Amino acid sequence: MGRGRAKAKQVKVARQLKYNSGGTDLDRLRDELGVGDSSRNDDADDLNDELADRYADYADDYGAEDDDDGRGRSSGRR
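The notes below deal with the structure included here. (Residues numbered from 1 in each chain as written. Predicted model: local features only at pLDDT ≥ 70, side-chain atom pairs only at ≥ 80, totals over all residues. Heavy atoms only, no water.)

1. As for the overall build of the protein chain
Each helix and strand in the protein chain was counted, giving four helices and zero strands. Within the protein chain, buried positions represent 0% of all 78 residues. Carbon and sulfur atoms provide 46% of the accessible area of the protein chain, an area that totals close to 7,900 Å². (Helix = DSSP H or I, 4+ residues; strand = E, 2+ residues; numbered from the N terminus. Buried < 20%, exposed > 50% of the residue type's maximum accessible area, 1.4 Å probe, protein only. Areas by Shrake-Rupley, 256 points an atom, 1.4 Å probe, with all protein chains shown as cover.)

2. Structural notes on the pattern of salt bridges
In total, this model carries three salt bridges according to the counting rule given. A salt bridge links D27 to R30; its shortest N-O distance comes to 2.9 Å. Of the two residues, D27 and R30 are both situated in helix α2 (residues 26-33); the distance of three residues between them amounts to about one turn of the helix. A salt bridge links E32 to R28, with the nearest nitrogen and oxygen atoms 3.2 Å apart. One end of the pair, E32, and the other, R28, are both in helix α2, four residues apart, so they sit about a helical turn from each other. Neither E32 nor R28 differs from the other in exposure class; each is exposed. (Salt bridge = Lys/Arg side-chain N within 4 Å of Asp/Glu carboxyl O.)

3. Side note on a negative patch on the surface
There is a patch of like negative charges on the surface, built from D45, D46, D49 and D53. Mapped onto the fold, D46 is located in helix α3 (residues 38-54). (Patch = residues over 30% accessible without salt bridge, like charges linked within 9 Å, V, L, I, M, F, W, Y side chains within 5 Å. Lys, Arg positive; Asp, Glu negative; His and termini not counted. Charge placed at Lys NZ, Arg CZ, Asp CG, Glu CD.)

4. Observations concerning a nonpolar patch on the surface
A contiguous nonpolar surface patch, about 540 Å² in accessible area, is contributed by L47, L51, Y55, Y58 and Y62. Taken together, the elements giving at least two residues each to the nonpolar patch come down to α3 and α4 (56-62).

5. A word on α2
Burial analysis of α2 places just zero of its eight residues in the buried class, a small minority of the element. At the C-terminal side of α2, G34 shows a positive phi close to 80 degrees.

All we've got here are geometric facts, nothing functional implied.
As structure tokens, then:
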């Protein structure tokens with residue numbers, strides 16, 4: 001007998017979630033997910049720039065061999 005009430009409650013909650021999409025608190029969601037504010041993105045960009053600079057020499061040395069069709073590689077296979 002209690003199953004009918006539980007199901008009705010679930011249907012009610014599902015309808016509320018489906019049709020009442022307003023009121024999403026994005027700041028609260030950001031906090032729950034552990035995503036930092038935009039000032040942290042600046043630090044991440046600096047780190048990415050530093051890594052790109054560090055490996056730019058490797059890209060210059062080995063970048064010419066990375067063709068899409070694979071003809072630039074010297075693997076010995078033809």
